[in-house]
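One letter stands for each residue in the lines below.
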Amino acid sequence: MKQSLRLFFLFSFLLLTSQVTFAQEKEITGKVTLKIDGTPIVGVNVLIEGTTKGAQTDFDGNYVITASTGDILSFSYLGMKTTQVTVQDATVINIELEEDLESLDEVIVTALGIKKTRKSITYAAQDINADELSRTKQTNPINSLSGKISGVSITRSASGSGGSVKVVLRGNSSLGSNQPLYVVDGVPLSNPTAGQPSDTFGDINGGNRDGGDALALLNPDDIESLTVLKGASASALYGSAGLNGVILITTKRGRSGGFKVNYSSNLTVESAAYHLDFNNETEDNVDDFLSTGVTNINSLNISGGSETAQTYFSYSNTFGSGVLETNNIKQHTFNIRETAQLFDGKLKVNASVLASTQKIRNRAVSGLYFNPLIGAYNFQSDTENLSEYSNFEEFDPSRNIQAQRWFRPTSDIEQNPYWILNRNPAEDTNNKLLASLNLNYKFNDLITLQARGTYDKSILDYEKRVFATTEATLAPLNGRYIVTENDFTRLFGDVIATITPTINDDYSLNAIVGTSITRNTTESFTGDSGTNGGLQFANVFSFQNFEGNPQVNFTQNSFETLGYSVFTSITLGYQDKLYVDLTARNDWDSTLPSSDNSFFYPSIGATGVLSELFDLGDKVSFAKLRVSYAEVGNGFGADLLARNRSIVFGGGGISSTQPINPFPGTTPEPERQRSFEIGTEWRFDNNRYGIDIGYYRTNTINQLFTVPISTTATPEGAPFALINSGDILNKGVEVTVFAKPIDTDDFKWHTNLNFATNDNEIEKVVNTDIDGINSLSNVAISPPGVNTFGSFLVQGGSFGDIYAQVVARNENGLPIVDIDEAGSIIIQQQDDDDRVPGLELVGNANPDFTLGWNNSFEYKSFTLDFLIDGKFGGETVSLTEAIVEGISNNSARETANAPVQIVSSEGVVSTITAQQYYSAAGGRNGFTGEYVYSATNVRLAEFALGHNFNLSNDSFFSNIKASLVASNLFFFYKDAPHDPNISLSTGNALQGVDVFGLPSTRSIGLNVNLTF
């Protein structure tokens, strides 16, 4: 009986326990999305911790799992941070996963689209995600890189919205292009420009204008991530195109699952913020003349598909008005991308088409010709305001046309600024079509074959109409008409075999073998009625109205280059701890002589994962050491070896100008760069803190120089020749530090610091032992012309050295100034530097070091991001201030008229007024040494305050975020009377000088992102 009772109570207890347990189990449902944009994630593993019980998300990111209160659900996905949640009362648990950008096993895209784990890379590579680029949108997305990548110098164009951008990685190294190669989804992007300023005085043929670049035609919202390969070791496989480093752009693609729609709108208001310090009257006039700019960037993208095929489509537009009242931009960009996995995933197909069109009216110019800022800055009247001359024309009955109206006679550099805006109008039209196809077939675990092809066309057109009564230096009596058309086409194709043999558990091998072909063609046309040719009838702008004489310019050219290459890369790994990289490439370039057009260059690199080779303690999450050496070659520009002579329009016959004599008595050699780098990377406390330090040293030799030659040295009698010479050294240190000081569920603070130095030295300029070559002490980058600013390569100096006319001073630093009997002020010139006759070295345009501090805060549904960007050292020259003070008394220091202490040639000390001194020192060919300023500046470059709205499960939208955004808000420190971060040219010329460039702007606005 007792035994029966015991069994009864035991059975009852087990039944009760079972009933309680079953009562606690429940069905949990939810959705897993990508935190950055709300995209559903397919195939996320949902696992109950401590069990084998789990589920996966479907095409829409949904999951269903049965769990009990107190169970821990773990959500994991490759490349994402694993998230754990404890089951409580809720039956719906939605999860947002973050990308794990610090994952050591993360696969990133490197040269030629080769995928490698971050820890196996033997060279410096730094990347940022899409959010960093689109947080505070700019019309040229590359501008958003400033301060975010160590060793990368970003200088914005002075031409306003849609302008090109100057990017230099690890310093200037060549008299040719110093711009990096841009690669979109593994394929090199053609990035031509219709022209860049090169003269401080200006271009008489339309002004110092920026021809734009292809980067401004990209939609920032199409970019998934961006990786910068900084040195030759990283970019050696790209050959000569990658001589100056590579910026890899990976664009978005469709994801499997339901279709998702993203829409964003960014509206900003811009105001001219940083220009010369004027007196009150002039400041009022300038403020009235400059407008408030507005830029609106809208973007819509749709993505989705099945496991087999995915689609991504986007459309964006940009509408903007600049701070010059007639300046505006209109841009439309379409992008469609199809991806598919066929034959059980063995064949991957990736096809895309990008089409973009951009029209910019009255893009700002720099320099002294066709520049409305000359008249605006120098307007000076006791009875009138500048705005009264917005009525810029009046009827001329003698000619029966409207004529220019101005308060004084016009000059070659000064006209009514409103006349220039309305009666010297210009329009730039830039169109781009980029179509590519990528086929990747995996035969087996050993061999994968990839074939890619790209058609890349850029059409850059320019039209300028110059009305009659424009200053005669710029246009003849009846006006002037200028048209340029440039058609650039690139055909690119490559085939790459990837070989991954299995050796054993200790060793791994990854090899690629490939070949590529690139064909570039350029068709150009210029029609210009000229300054002496002119139009038959006033203000009729057509070719039919051109005067038929040799002074009229019709120029048509066609260029073609062809390049072939074979390349290979081998990566050998040992126990995932040691890696060795070997690459080799050989190019055949049509720009070199057919008898000697082949050049070869190798690279070698090694990395060791110290944290796996040695016991470094629990606090060290990861540590590695990397070292590499590489050589890269470079061909020439088109037709430098072919000596062409132009035909003059209007019966002028063959031009008498002798062509440049190529390489007299020598054999042309490709430019070559030799680069060494070493670095180390450390991460601590489970990747919460980290630092990456690198050192590099690069020599660029056999550069292409144009030098004077004795006209008797060759039968042609050409005054100039091309030679190979020069040796430019760049060396520096790059440091990136990141940290997550606070990383809780409710509050996060992530920060990173980028620091870089670059030391540049000209070790050799020109080898003068070639017969007939005249001795050269320097090579001009920015020749002074009729100004007194210049930039020269001088042996022992640095790329970017600034030379100026300098005032002689006594031992106490007082300027030596004499006053003649008529009261004229004569400033004495210092001239003890024989490197550049008449000019003295006054500084260098490049900073000593750069510093960028990027911060991201997240508190519940609110985000705060800001970037502080600093450049320390270097000098800049304000020719704007020099010319204003030479022409007018409009600067604030002239109006204040404080006394300036001087000393005469006989040693007598006295004072003169500021107006007297600066009027004599200034001017367009004055003492530019008086206008040199420190280029050091620290600014709040970006600011964004955002809010993610909490939405219900049945909301039409899956994500809504609104942000207050601002760019270039203010300077913590700035000495120069202009923004030193603005460049007049993306070429090598005009570094470190401002010549009436458009003032940089401060922008504030609103960004809204919707996902549904």
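Bear in mind that the values here come from a model prediction, so they are computed numbers and not experimental data.

Could you give me a rundown of empty space enclosed by the protein, with the residues and numbers involved?
Going through the model one piece at a time under the given rule, you end up with 11 cavities of 30 Å³ or more. Computed from the structure, the largest cavity encloses a volume of approximately 660 Å³. Along its surface, the largest cavity is lined by 40 residues, and Q138, R156, S161, E270 and T1001 are the ones closest to its centre. Looking at the lining of the largest cavity, the elements that each hand over two or more residues are β11 (152-157), β17 (257-274), β18 (293-305), β54 (937-948), β55 (959-974) and β58 (1000-1011). Taken together, the residues of the lining of the largest cavity break down into 11 nonpolar, 24 polar and 5 charged. The calculated volume of the second largest cavity comes to roughly 560 Å³. Looking at the second largest cavity, it is lined by 40 residues, and the ones nearest its centre are S153, T155, A845, N846 and P847. Secondary structure elements with two or more residues in the lining of the second largest cavity: β11, β12 (165-169), β38 (747-757), β48 (849-859), β50 (875-878), β56 (982-983) and β57 (993-994). Looking at the lining of the second largest cavity, the element that brings in the most residues is β11, giving 3 residues.

How would you explain the sheet that holds strand β15 (residues 223-229) if you had to name every residue and give the values?
Either a parallel or an antiparallel arrangement is found when strands of a sheet pair, and the pairing is made through backbone hydrogen bonds. The 5 strands lie next to each other as β10-β15-β16-β13-β14, forming an open sheet whose pairing is mixed. Strands with a single pairing partner mark the edges of an open sheet, and in this sheet they are β10 (125-129) and β14 (187-188). Bridge count for β15 against strand β16 (residues 246-251) is 6 bridges, and the pairing is antiparallel. Note that in β16 the partner of V228 across the bridge is I247.

Give me the lowdown on the environment of R672, citing residues and values where you can.
Here R672 shows up in strand β35 (residues 671-684). In terms of polar contacts, R672 uses its side chain to reach the backbone carbonyl oxygen of F600, at 3.1 Å. In terms of polar contacts, R672 uses its side chain to reach the side chain of E631, at 3.1 Å.

Explain the pattern of salt bridges to me, and be specific about the residues and the numbers.
Across all of its chains, the model carries 31 salt bridges by this definition. For D979, the salt bridge identified is with R156, shortest N-O distance 3.1 Å. Linking D979 in the loop between β55 and β56 with R156 in strand β11, this pair joins segments that are 823 residues apart in sequence. Each member of the pair, D979 as well as R156, carries the same accessibility label: buried. For the salt bridge of D412 with R924, the shortest nitrogen-to-oxygen distance reads 3.2 Å. Of the two residues, D412 is situated in the loop between β23 (401-404) and α6 (417-423) and R924 in the loop between α10 (914-921) and β53 (932-934); the sequence distance between them amounts to 512 residues. On the basis of relative accessible area, D412 is assigned to the buried category, the value being 19%. Overall, R924 belongs to the partly exposed group, its relative accessible area being 30%.

Give a description of the sheet that holds β50 that names residues and reports values.
Reading across from one edge, β53-β50-β57 is the order of the 3 strands in this open sheet, with mixed pairing throughout. Two strands close off the open sheet at either side, each with one partner strand: β53 and β57. The pairing of β50 with β57 spans 2 bridges and is parallel. Bridged to V877 within β57 is V993. Sitting on the sheet, helix α8 (residues 879-887) touches β50, β53 and β57, and the angle it makes with β50 is about 25°.

Quick rundown of helix α4 (residues 280-289)? Include the residues and the values.
Within α4, the full set of buried residues consists of T282, N285, V286 and F289. Buried residues of α4 fall within an arc of 95° about the axis and therefore sit on the same side. Away from its buried face, by an angle of more than 90 degrees, α4 presents the exposed residues N280 and D288.

Tell me about the side chain of N244, and please be specific about residues and values.
Within the element layout of this structure, N244 appears in the loop between α3 (232-235) and β16. The exposure class assigned to N244 is buried, which follows from its relative accessible area of 11%. A polar atom in the side chain of N244 sits 3.3 Å from the backbone oxygen of Q179. Those residues within four positions of N244 in sequence are excluded, and the remaining contacts are L169, S173, S177, N178, Q179 and P180.

Help me get a handle on the nonpolar core, residues and values and all.
F289, L324, L368, Y377, Y917, V993 and F996 are the most contacted members of the largest nonpolar core, which has 64 residues in total. Where this core is concerned, the elements lending two or more residues are α4, α5 (372-378), α6, β26 (480-499), α8, β51 (899-903) and α10. With sequence-adjacent residues up to four places away left out, Y377 is seen in contact with H275, F278, T282, V286, T880, V884, S888, N890, F996 and P999.

Could you give me a rundown of unusual backbone geometry, with the residues and numbers involved?
One non-glycine residue, R170, lies in positive phi territory at about 60°. Topologically, R170 is positioned in the loop between β12 and β13 (181-184). One non-glycine residue, F370, lies in positive phi territory at about 60°. Here F370 shows up in the loop between β21 (347-361) and α5. Exposure remark for F370: the relative accessible area of 4% places this residue in the buried category.

Describe in detail the pairing of strand β30 (residues 598-609), supporting the description with residues and values.
Along any regular strand, the residues point their side chains to alternate faces of the sheet. The pairing of strand β29 (residues 578-589) with β30 spans 11 bridges and is antiparallel. Looking at the pairing, R585 lines up with Y601 of β30.

Break down the pairing of strand β41 (residues 789-794) for me, with residues and values.
Within β41, 6 of the 6 residues are buried, leaving the element largely enclosed by the surrounding structure. Burial along β41 is two-sided: the face carrying F789, S791 and L793 and the face carrying G790, F792 and V794 are both buried. By the bridge criterion, 4 bridges tie strand β40 (residues 778-782) to β41 in an arrangement that is antiparallel. Directly across from S782, in β41, lies its bridge partner S791. In this structure, the hairpin formed by β40 and β41 is closed by a connection of 6 residues, where G785 is found at a positive phi of approximately 55°. When β41 meets strand β42 (residues 801-804), the two strands line up antiparallel, connected through 3 bridges.

Just give me the short version of α8, but keep the residues and values in it.
In terms of burial, α8 is largely enclosed, as 7 of its 9 residues are buried. For α8, the full list of buried residues reads L879, T880, E881, A882, I883, V884 and E885.

Account for the packing of aromatic side chains, naming residues and giving values.
Pairs of aromatic rings are described using the distance from one ring centre to the other and the angle between the two planes. Scanning all chains against the criterion turns up 40 aromatic pairs. Ring geometry for Y481 against F541: centres 5.9 Å apart, planes inclined by 50°, an arrangement best described as tilted. Linking Y481 in strand β26 with F541 in the loop between β27 (507-528) and β28 (553-574), this pair joins segments that are 60 residues apart in sequence. Owing to a relative accessible area of 9%, Y481 belongs among the buried residues under this scheme.

Calculation notes
- Residues numbered from 1 in each chain as written.
- Predicted model: local features only at pLDDT ≥ 70, side-chain atom pairs only at ≥ 80, totals over all residues.
- Heavy atoms only, no water.
- 1 Å grid on protein atoms, 1.4 Å probe; cavity = no way out; pocket = protein on both sides within 12 Å on 5 of 7 lines; lining within 4 Å.
- Points joined across faces, edges and corners; volume = space filled by probe spheres on them.
- Helix = DSSP H or I, 4+ residues; strand = E, 2+ residues; numbered from the N terminus.
- Nonpolar A, V, L, I, M, F, W, Y, C, P; charged D, E, K, R; others polar.
- Pairing = 2+ DSSP bridges.
- Polar contact = N/O pair within 3.5 Å; in protein donor to acceptor, adjacent residues only side chain to side chain.
- Salt bridge = Lys/Arg side-chain N within 4 Å of Asp/Glu carboxyl O.
- Buried < 20%, exposed > 50% of the residue type's maximum accessible area, 1.4 Å probe, protein only.
- Contact = heavy atoms within 4.5 Å.
- Axes fitted to C-alpha atoms, helices over the stretch in contact; angles between N-to-C directions.
- Arc of directions from axis to C-beta.
- Core = buried A, V, L, I, M, F, W, Y, C linked by side-chain atoms within 4.5 Å.
- Phe/Tyr/Trp six-rings, centres within 6.5 Å; stacked < 30°, edge-to-face > 60°.

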